[in-house]
Amino acid sequence: MSYTTIIHTFWHPFIIFIINSPLFPLSSSSSSSSLSLNTLNISKFTMQNQILLLLFILTISINTLSTNSLGINYGQVADNLPPPSSVIPLLRSLKATRVKLYDTDPRVLSAFANTGIEFIVGLPDNSVPRLARDSSAAGAWIRSAILPHLPNTKIVAITVGNEVLTGTDATLIKSLAPAMVNLHSALASLGLDTKISITTAHSLAVLDTSFPPSGSTFRKDLIPYILPTLNFLQKTGSPFLINAYPYFAYKADSKSVNLNYVLFEPNAGVSDSGSGLRYDNMLHAQVDAVRTAIKKVSPNNSNVEIRVSETGWPSGGDDDEAGATPENARRYNGNLMKLISQSKGTPAAPNQPLQVYVFALFNENLKPGPASERNYGLFRPDGSPAYDLGAVGKGGLGNVSTGGVADSPAQIGEVSSPTGYYSISSSKILKPLCVEILCALVMAIVGGFY
């Protein structure tokens, strides 16, 4: 489809409406009081009107492109995982467009070159103190671990350590903010600071209290380290990442916690008397608890975006791990994916679609701890689903959909299982078309300057 056809078919009514509206007067050189796209000569617009048109187009287009999409944590604490090239079809079968790594594994980053999948990569905990002490070491790490994969692999963020502030290493905790600053400076020196953000993922244990959300606060002993981190995130426009697991709350008190409430199933909900808001799932309550804690400790940084960097539900566990079953895992992750596809925000921020990274892609057989730790995967190492994922991911590595774009009209809309648990919106499939539209219009406007 040509750019001209795209403009005439999809954007003609919008452009003509805005141009003929009283808010968009043409320059005196245009004699027509009512235009069609055929007679439209953008070069005759005043500079002000060209800018107004461009802003209008960008506003509409950004809104069109804002559909939320699925993120997946790609952990590799295992000795039986498939090669990274075999993982790409699995991600496409899930319509996942974002991946979070815990390192900068060159095998993975090279395998995903030119796929368009966005990557968050990680700086390991043991490297944080060195990069905090030595800014040149931060630059060297960027040049060796990140630069070789750009621009073919789409790296959009770097996490500095993982759940550092709730660990027991005092040196690591004190090094967190300085390491983030040094890495950002290294990116800036290479002109990459606007393309790659620096952040860190926190455990929900950074909170002193999490319920009700309106009463949430950060742990007092961590505030000296959280404040500089928040100031950095605000200054650089980077998100605050939280690892939130409603499963842990259910496991700790399965007799009191409503299972439907943690699984996104219909339930009576929970009211927050402090804010007057009502929550129908625990994940949203946990995110808003973090939101409140940020506002209380640092009001000037209250607009920092919050993203869920990990959440999931195990399909198996030890005898004393309540709720760790394939059915509950299917319900949690399936309903979560549906929620993500709807681009919903939380009750305290309903107009801010919540970005979520599901944990995890695979069961990881070498993870220490209780059995549940080795059973969070959506897939087994052979590529077969760990439990029924409905219409998506059936058949293992050799029989999953490898196409990221719908092949027929029947595929456009939603992919749903007969149970209704898994429902991923395919509206993001239309994004390439929207990009073409935006490019065509911007090209037309820019052409008017010459």
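Before reading on, note that the structure itself is shown above.
Residues numbered from 1 in each chain as written. Predicted model: local features only at pLDDT ≥ 70, side-chain atom pairs only at ≥ 80, totals over all residues. Heavy atoms only, no water.

Enquirer: What is the right way to read the packing of helix α7 (residues 170-189) against helix α8 (residues 223-236) from this model?
Expert: Geometrically, a packed helix pair is captured by the angle between its two axes and the distance between the axes. Put simply, α7 and α8 touch, their axes get as near as 9 Å, and they point 15° apart. Classified by the angle between their axes, α7 and α8 sit roughly parallel to one another. Here α7 and α8 pass one another in a crossing that is left-handed. Of the residues in α8, those in contact with I173, K174, L176, A177, M180, V181 and H184 of α7 are Y225, P228, T229, F232, L233 and T236. The residue makeup of the contact of α7 with α8, split by class, is nine nonpolar, three polar and one charged. (Axes fitted to C-alpha atoms, helices over the stretch in contact; angles between N-to-C directions. Helix = DSSP H or I, 4+ residues; strand = E, 2+ residues; numbered from the N terminus. Parallel < 35°, antiparallel > 145°, perpendicular 65-115°, else oblique. Left-handed = near helix turned anticlockwise from the far one by under 90°. Contact = heavy atoms within 4.5 Å. Nonpolar A, V, L, I, M, F, W, Y, C, P; charged D, E, K, R; others polar.)

Enquirer: Mind showing me how you'd approach the pattern of salt bridges here?
Expert: Charged atoms that come close allow side chains of opposite charge to pair. What the rule picks out here adds up to 11 salt bridges. Across the pair K154 and E118 runs a salt bridge, and its minimum N-O distance is 3.6 Å. Highlighted residues: K154 in strand β4 (residues 154-162) and E118 in strand β3 (residues 118-123), separated in sequence by 36 residues. A salt bridge links E321 to K251; the shortest N-O distance between them is 3.0 Å. With E321 in the loop between β11 (306-311) and α12 (326-341) and K251 in helix α9 (residues 246-252), this pair connects stretches of sequence that are 70 residues apart. Assessed through its relative accessible area of 5%, E321 is described here as buried. (Salt bridge = Lys/Arg side-chain N within 4 Å of Asp/Glu carboxyl O. Buried < 20%, exposed > 50% of the residue type's maximum accessible area, 1.4 Å probe, protein only.)

Enquirer: How should I be thinking about α8 in this particular structure?
Expert: Owing to its 3.6 residues per turn, the α-helix brings residues three or four apart onto one side. Given a rise of 1.5 Å per residue, 14 residues ought to cover 20 Å, and the 20 Å separating the end C-alpha atoms of α8 matches this to within 8%. Along α8, the positions that sit buried rather than exposed are I226, T229, L230, F232 and L233. All buried residues of α8 fall inside an arc of 160° around its axis, so they share one side. The outward face of α8, more than 90 degrees from its buried face, is lined by the exposed residues P224 and K235. (Expected span 1.5 Å × (residues − 1). Arc of directions from axis to C-beta.)

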